[in-house]
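Listed below, chain by chain, are the residues.
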Amino acid sequence: MLARFGRALADPIRCRLLLALREAPAHPSDLADRLGISRTRLSNHLACLRDCGLVVAVPIGRRTRYELADPRLGHALDDLRTAVVAVEADRGCVDADEKGCC
């Protein structure tokens, strides 16, 4: 499961998508608008997240709503964001482009 989580987080759009779903379940059209990407591109990312077992599709009438597969994933995202902020604050690294790191 950890490898799947890492794969999902390796892409910035999937990260943003997981964070959006952390806030609330949503329909694909709303997610595409919120993230500023095409519905086709969003569909590909949602398929990846479904395959990884991180999100689920919930049929509601003729529409489908997406949500995190487990509420604990939201807590894990929060913990990971906190850890990343703490690491970045302690690093004092110069701009990544400048140094060629990260």
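See the structure above.
First, a word on what this report is: a plain description of the structure on this page. Since the model is a prediction, treat every value here as computed from it, not as a measurement. (Residues numbered from 1 in each chain as written. Predicted model: local features only at pLDDT ≥ 70, side-chain atom pairs only at ≥ 80, totals over all residues. Heavy atoms only, no water.)

## Things to note about the environment of Arg-34
Point 1. Structurally, the position occupied by Arg-34 is in helix H3 (residues 28–35).
Point 2. Setting aside residues no more than four positions away along its own chain, Arg-34 makes contact with Arg-16, Ala-20 and Glu-23.
Point 3. Of note is the side chain of Arg-34, whose polar atom sits 2.6 Å from the side chain of Glu-23. (Helix = DSSP H or I, 4+ residues; strand = E, 2+ residues; numbered from the N terminus. Contact = heavy atoms within 4.5 Å. Polar contact = N/O pair within 3.5 Å; in protein donor to acceptor, adjacent residues only side chain to side chain.)

## Looking at the pairing of strand E1 (residues 55–60)
Point 1. Where E1 and strand E2 (residues 63–68) come together, six bridges link them in antiparallel fashion. Note on E2: the bridge partner recorded for Ile-60 is Arg-63.
Point 2. If you look at the hairpin formed by E1 and E2, you'll find two residues sitting between the two strands, and Gly-61 has a positive phi there, around 65°. (Pairing = 2+ DSSP bridges.)

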